[in-house]
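# Fold and contact review
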Amino acid sequence: MVARRLPTGVTVVTSGHGNDMHGMTVNSFATLSLSPPLVNFSVRRGARITALIDSTGGFVVNVLGADQHALARRFADPDRPTGADCFAAVETAGAHASSGMRLAGTIGHFACRAVHLIEAGDHTLVVGLVEECRVLGTADPLLFVNGEFRSVLYGSLQ
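What this report covers is the structure whose coordinates are included nearby. Source: prediction; values computed, not measured.

### Quick look at helix H1 (residues 48-56)
Within H1, burial applies to Ile49, Thr50, Leu52 and Ile53. End-on, the buried residues of H1 take up no more than an arc of 165 degrees, which puts them together on one face. What points out from H1, more than 90 degrees from its buried face, is the exposed set Ala51, Asp54 and Ser55. Each element contacted by the buried residues of H1 is listed here: strand E2 (11-17), strand E3 (20-26), strand E5 (38-44), strand E6 (58-63), strand E9 (108-120) and strand E10 (123-135). Trailing H1 by a residue or two, Gly57 shows a phi angle of about 85 degrees, which is positive.

### A closer look at the sheet that holds strand E1 (residues 8-9)
Strand order in the open sheet made by the three strands is E1-E11-E12, with antiparallel pairing throughout. Because the sheet does not close on itself, it has two edges, and the strands there are E1 and strand E12 (148-150). Here strand E11 (residues 143-145) pairs with E12 via three bridges, running antiparallel. When the bridges of E12 are listed, Leu143 appears paired with Arg150.

What counts, and at which threshold
- Residues numbered from 1 in each chain as written.
- Predicted model: local features only at pLDDT ≥ 70, side-chain atom pairs only at ≥ 80, totals over all residues.
- Heavy atoms only, no water.
- Buried < 20%, exposed > 50% of the residue type's maximum accessible area, 1.4 Å probe, protein only.
- Helix = DSSP H or I, 4+ residues; strand = E, 2+ residues; numbered from the N terminus.
- Arc of directions from axis to C-beta.
- Contact = heavy atoms within 4.5 Å.
- Pairing = 2+ DSSP bridges.

Put into structure tokens, the structure is as follows:
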């Protein structure tokens, strides 16, 4: 399949408050607009995080570094704990005011207010207005390509 050959960045999207919190690995994250600052990602229709985003009105996108593939696997595991227990063995950097948990050690995050949840085929497209974004590290990003986590060294292509 051609889409498997296209490298994507790997993120963990979180939403909720207190005991009603959830996180999941997402590799469909993209920036959408600079003015206003909008981002988007898609998840399988009916994913638990969609209901939390709808009810809380917000989410946090944590951008993973190349050394965080274990964290990506944890939040992709369908048998992981739910609620606050999902974060029990994970170092966090605190919840954002709008909703969602920031994870420690990531290379950056986007804290967003949800502005659109659009049904598209068997997925829901989530569009968020960026309220805060920060670069937190200089490590290479974690990539996903052809069913595997990868890293890449960047160089100038002048």
